[in-house]
Structure formats: C-alpha cells, structure tokens
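Fold and geometry: a report
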Amino acid sequence: MLEIDFVRSNFPAFSEPSLEGQAFFENAGGSYTCGQVIDRLTRFYKSRKVQPYAPYEASRLGGEEMDEARARLAALLGVEADEVSFGPSTTQNTYVLARAFRQFMQPGEAIIVTNQDHEANTGPWRHLVNKGIDVREWQVNPETGHLDIADLENLLDDKVRLVCFPHCSNVVGEINPVLEITGLCHAAGAFVCVDGVSYAPHGFVDVGDLGPDIYLFSAYKTYGPHQGVMVIRRALGQLLPNQGHFFNAGTLYKRFTPAGPDHAQVAACAGMADYIDALAVHHGVSARGVHSLMRAHEVKLLQPLLDAVKDRNSVRLIGPSDASVRAPTVALSLNRSGEEVAAELAQHGVMCGGGDFYAVRALEAMGVDMGKGVLRLSFVHYTSEAEVTKAIEALDAVL
C-alpha cells in the first residue's frame, strides 16, 4: 500500500503556506514538482550554469548530470539511453517528428490518427494531408468516447506507415491497450506513435515491453521541469531523416532536436528518477513496482468520485465509470460552463479547471456543447483520500 504521508513529504507544495487548505485537482494540466527535481534544478543554476561538456569542472559536472538524466529515464522506460530525446514540449517534439515523416513518406501513403487525442498528437500529423499523405481518422464511439480496435482494423492496409493514438485521452480517461494495438499495427507493417502525456503521470511504463516505436510525454506532468520527453526506438530513429544539425546526425538523441535543449531542465529530469527510487526503497519494491502502487492508490480513490458523479442529473461523465480501466482524469459535461463551475469550486478550496483542454475533436465527436466545455478534475498518486472527499463534498454544494 502506498504510504501517502511519505509520498507527500517529497513535494514542497504540500508544506507551502500559500497553498494550505487547497486541494489540487488540475494535475492533468501539470503536476506539482517533487523536491528532488527542485534540488537538482537549483544546484544546476547555482553551480553548473555553463556550457556543458567542456574540460573544466563545472562544465564537466553539468554534462554528466544531463547524461545521467537521459540514462536514468531510459532505464525507467526500458529503452537504451540514446533512444531518449528532450525537447521544449511534447507538442514541439511531435511537430519535429511530423516534419521527419513528411520527408520520409511518399504521396498516397497513409497515416492513421484518432479524434480522441489531445491536439498535439493529431494536429501535426493532419497537416501532412497538404503533402499528399492520406490521413485517416480512427473515430471514437460518440456515446462512450471508446476507441474500438475493430474500427482500426478496417483502416489498416499496406499503405499505412504510421498509427498515432493516446495511451489515454485527457478527457475520456480510458486506458487504451497499447500492447495489443501496437502488435496489430506492426503486423500490418506500420510504425506506432503513442502519446503518453495523460498516462505517464500515473506511472512510468516499460516502453520496451509495450513495443511502440515512439512514446511521448511531458516531464512537467510527471513531477519534473517543463520539458517534453520523447522515446524513439533505434530502428525508426535511424530510418527517419535527420532533423538536427547535419554534424549531429550520427547521434540518435540529437537527430530530432533541432535546437539546443534546456541544459538545466534536462539535468533536473534525473530528479524524477530520484523520486521513483525513493518510493521504491521506502516501500520495499522495485522501481517498476512503484507503478503498481501508484495505480492501486489512484483506483481506490477514483471509484468513489466516479460513483458520486455518474448518476447525477444534468451531469454527463465522459468515459467509463469503472476506475480500474481509466486514469483519474474526470471530465464532466454540465448544463452550464465548466469554467464557471470550476470558479465556484475554487471557493470551496478545490483547484480544477474548465474548457476544452485541447481535446476539441473528442468533445465535439461526443456531442459536448463547446460553448460550455467540460469541468475536469484530475489527480495523481499524491492526492489524499481526504482531498477526494473534499472534492466530492464541494461538487455536492456546487452542482
């Protein structure tokens, strides 16, 4: 069982006076930062803020810390160190990848995207239609938001080069079966790009075991700095045209980084691994075992919240009502503006948001009134049972 007091002791936000009494339920937009990341970022700015990889001490240490971050994240993700790249955001990383595929593919070849995605993992690919690429849409069930694998099978043929889909949607919340979908796509001869932004905060996955060719997530949603983290497996990374400086083409993690990364933030990403290691040691499990602890805690807290909202009048729960098959990202379509309700919840000490959350295509496909958008409450493993109770009571008062 996850020891919540120990977990929260690793996050300075929970001892910050200005946040006292506020229950944070907008984690899908960005998590609190763990102390290990803050410490590493502070140290880098204080004593390593020089050009890295030069022979003097401060520079050498700065470069070593950047390399450490890449190596330790790769170990968590079950891939090789040079298969991990950093960029300013997942959105920017996806645009770089789309440019590479534009150069790699021929007119008439196809890419499959979904309308369940955040716009960052669908918009850049859709632009390729202007270059003669056939963009096919794997559509959600308009009632449930579910992606049916049978529908994907109908879209796959020998012209498809890439299939892009989310590990889970940032409004639907349902966890998609990445291993099964990836196997199907690979059997059809297509590469796979998984947007893990909405899932990674709930546990780092073994990308090597799941098998996608690309896995993307955002460090600022996994307790770290504002960087996009991108796994590109070697076979695909060496096949796609280099997008970086020509003289860096021989280094895999530089091939899809056109601009220099933020040295301090890259180095600070090692703090995310420090945090996972701290949880593992404290709970007597492996680093991979931490994922199971996180999920079990989240599922336990999520089900009462889902039960509290699923049968309300004038409330539509987006996505499944079974906590075991979804992430704790709960979007509600109401008879009034999600932003207005979020403002009212703030008066009850609940921090959350309303709007479209860049999932316009998904919400429109499910018939949500975009003038009102949705109310979204999202949490992660550091959320306490008392905070979930507070959120439910606040919803009772507001709705």
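Residues numbered from 1 in each chain as written. Predicted model: local features only at pLDDT ≥ 70, side-chain atom pairs only at ≥ 80, totals over all residues. Heavy atoms only, no water.

**Overview of the packing of helix α13 (residues 338–346) against helix α15 (residues 385–398)**
Let me state the cut-off plainly: For helices, the fitted axis covers only the stretch in contact; all axes are lines through C-alpha atoms, and the angles between them, taken along N-to-C directions, range from 0 to 180 degrees. Secondary structure counts use DSSP, requiring at least four H or I residues in a row for a helix and at least two E residues in a row for a strand, with both numbered from the N terminus. Oblique is the label for any angle not covered by the other classes, which are roughly parallel (under 35 degrees), roughly antiparallel (over 145) and roughly perpendicular (65 to 115). Rotating anticlockwise by less than a right angle from the far helix to the near helix defines a left-handed crossing, while the corresponding clockwise rotation defines a right-handed one. The criterion used for residue contact is that any of the two residues' heavy atoms lie within 4.5 Å. Residues are grouped as follows: nonpolar covers Ala, Val, Leu, Ile, Met, Phe, Trp, Tyr, Cys and Pro; charged covers Asp, Glu, Lys and Arg; every other residue, Gly included, is treated as polar.
Two numbers describe how α13 lies on α15: the axes approach to 10 Å, and their chain directions differ by 120°. Between α13 and α15, the angle is such that the two are oblique. α13 and α15 meet at a crossing whose hand is right-handed. Here Val341, Glu344 and Leu345 of α13 come into contact with α15, specifically with Ala394, Leu395 and Val398. In terms of residue class, the contact of α13 with α15 is made up of five nonpolar, no polar and one charged.

**Remarks on the sheet that holds strand β3 (residues 110–114)**
Note the cut-off: In this scheme, strands are said to pair when DSSP sees at least two bridges between them.
If you walk across this open sheet you meet the seven strands as β2-β8-β7-β6-β5-β3-β4, and the pairing is mixed. Every interior strand has two partners, whereas the edge strands, β2 (84–87) and β4 (134–138), have only one. Neighbour-to-neighbour, the strand axes of the sheet open up by a mean angle of 20°, direction not taken into account. Note that β3 and β4 share five bridges and pair parallel.

**Focus on the sheet that holds strand β13 (residues 374–378)**
Taking strand neighbours across the sheet as the criterion, the four strands line up as β9-β10-β13-β12 in an open arrangement whose pairing is antiparallel. Of all the strands in the sheet, just β9 (315–317) and β12 (353–355) have a single pairing partner and so form its edges. Geometrically, the sheet is characterised by an average inter-axis angle of 30° between neighbouring strands, direction not taken into account. Pairing of β12 with β13 involves three bridges; the strand directions are antiparallel. Considered in β13, the bridge of Gly354 is made with Leu375.

**Quick word on a negative patch on the surface**
The condition is simple: Two distance rules govern patches: like charges are joined within 9 Å, and nonpolar side chains (Val, Leu, Ile, Met, Phe, Trp, Tyr) within 5 Å, applied only to residues with over 30% relative accessible area and no salt bridge. Using a 1.4 Å probe, accessible areas were evaluated by the Shrake-Rupley method; residue-level cover was limited to the displayed protein chains. Note on definitions: salt bridges are taken to be side-chain nitrogens of Lys or Arg within 4 Å of carboxyl oxygens of Asp or Glu. His is not counted here, nor are the chain ends, while Lys and Arg score as positive and Asp and Glu score as negative. Charge placement uses NZ in Lys and CZ in Arg. For Asp and Glu, CG and CD serve respectively.
A contiguous patch of negative charge on the surface is contributed by Asp148, Asp151, Glu153 and Glu180. Examined against the element boundaries, Asp151 turns out to sit in helix α6 (residues 149–155).

**Things to note about the pattern of salt bridges**
Just so we agree on the cut-off: Three labels apply to residues, based on accessible area from a 1.4 Å probe with only protein chains included: buried if under 20% of the type maximum, exposed if over 50%, partly exposed otherwise in between.
The full count for this structure, using the stated rule, is 23 salt bridges. Here Arg233 ties to Glu83 by a salt bridge, and the two come within 3.1 Å at their closest N and O atoms. A residue pair is termed long-range when its members are at least 10 positions apart, and Arg233 in the loop between β8 (228–232) and α9 (234–239) and Glu83 in the loop between α3 (57–77) and β2 qualify at 150 residues. By relative accessible area, which is 4% here, Glu83 ends up buried. A salt bridge links Arg136 to Asp134, with the nearest nitrogen and oxygen atoms 2.8 Å apart. With relative accessibility at 14%, the residue Arg136 sits in the buried group. One network of salt bridges, with partners in common, ties together Arg40, Glu68, Arg72, Asp274 and Asp277.

**Focus on α15**
An α-helical turn contains 3.6 residues, so a residue and the one three or four places further along point in the same direction. The condition that has to hold: In this analysis, the expected span of each helix is defined as 1.5 Å times one less than the number of residues it contains. Here the arc refers to the directions that run from the helix axis out to each C-beta atom.
An ideal rise of 1.5 Å per residue puts 20 Å on 14 residues; α15 measures up with 20 Å between its terminal C-alpha atoms. Along α15, the residues classified as buried are Glu387, Val388, Ala391, Ile392, Ala394, Leu395 and Val398. The buried residues of α15 occupy one face: seen down the axis, they fall within an arc of 160°. α15 presents Glu385, Ala386, Glu393 and Ala397 as exposed residues on the side facing more than 90 degrees away from its buried surface. Tucked inside the fold, the buried residues of α15 contact α1 (4–9), β1 (23–24), α12 (287–310), α13, β11 (350–351) and β13.

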